[in-house]
Amino acid sequence: TATVCNLIFFIMYNQALIKAMNPNDHPAEDSKLGVNEEVKAAFQKRVADQGGVDRWTRINSNQIENFPLALFVLWAALISGVGIKAAYCFGSYLTLRVLFSIFYLYSLQPWRSIAFLLSIMVVLTAAGFGISQARADSMAGIGNSTVLE
C-alpha cells in the first residue's frame, strides 16, 4: 500500500509540475519543443481566467511543501511497526490530497481547506501511532533502545 501510494504521489507531483509549467520562463531554444508565442498567450489567458493565480502552480507548490515531510512521517510510522494503521494513514492521506487538488482546481472552498486540514490530521495521527509503537517497543525491550537515549 505504501509503495503504491508513493507512486501515485510521484505521478501527482509530476502532473502538477508539467501543468504548472510557465512557458515565459523558458529559453528561446525551447521554441523547438513547442514553447512559442501561442503557448505563452494561452498560459497568460489561463492565469487571467483564474483571477491572476495559476491553480496548477499553487497545487504544485503546496505538494512541494507538504509531500516530503508527510511521507517521512508516514514511512516512519510504517517502519515503527504499526502495521495496518500505517496503511490506512497512507490511503487516507492520498485520498485527501487528491481531493485537495480537485477542490483547488475547481475553487471549492471550504472543501479545499477541509481536505488540507484533514490531511494534516492524518499525518499527526500516523506520528502518534509511530511514537506510541516505539514507546511500547522500548518498554517491552524490543528493538534498539539506545537510539532513544
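A.B. asks: What's the story with the pattern of salt bridges in this structure? I'm lost.
C.D. replies: A full pass over the atoms with the stated rule returns three salt bridges. Between E37 and K40 there is a salt bridge; the shortest N-O distance is 3.8 Å. One end of the pair is E37 and the other is K40, both in helix α2 (residues 37-49) and three residues apart, which spans about a single turn. Judged by its relative accessible area of 58%, E37 falls in the exposed class.

A.B. asks: I tried to follow the packing of helix α3 (residues 55-80) against helix α4 (residues 84-105) on my own but got confused; where do I start?
C.D. replies: Helix-helix packing: each pair is described by the crossing angle between the helix axes and the interaxial distance. The interhelical angle for the contact between α3 and α4, taken along N-to-C directions, is 175°, at an axis separation of 11 Å. In terms of orientation, α3 lies roughly antiparallel with respect to α4. When grouped by side-chain class, the residues that make up the contact of α3 with α4 number 16 nonpolar, four polar and three charged.

The rules behind the values
All residue numbers refer to positions counted from 1 along the written sequence of the respective chain. Confidence filtering applies because this is a predicted model: local features only for residues at pLDDT of at least 70, side-chain atom pairs given and counted only at 80 or more, and all residues used for totals across whole chains, interfaces and linings. The side-chain values count all of the structure's non-hydrogen atoms but skip hydrogen atoms and water molecules. Any Lys or Arg side-chain nitrogen found within 4 Å of a carboxyl oxygen on Asp or Glu counts as a salt bridge. The helix count covers DSSP runs of H or I at least four residues long, the strand count covers runs of E at least two residues long, and both are numbered beginning at the N terminus. Partly exposed residues are those whose accessible area sits between 20% and 50% of the maximum for their type, while under 20% is buried and over 50% is exposed, using a 1.4 Å probe and protein chains only. Here an angle of 0 to 180 degrees is reported between the N-to-C directions of two axes, which are lines fitted to C-alpha atoms, with helices fitted over the stretch in contact. Angle categories: roughly parallel below 35 degrees, roughly antiparallel above 145, roughly perpendicular from 65 to 115, and oblique for all the rest. Gly is put with the polar residues, along with every residue not named as nonpolar or charged; the nonpolar set is Ala, Val, Leu, Ile, Met, Phe, Trp, Tyr, Cys and Pro, and the charged set is Asp, Glu, Lys and Arg.

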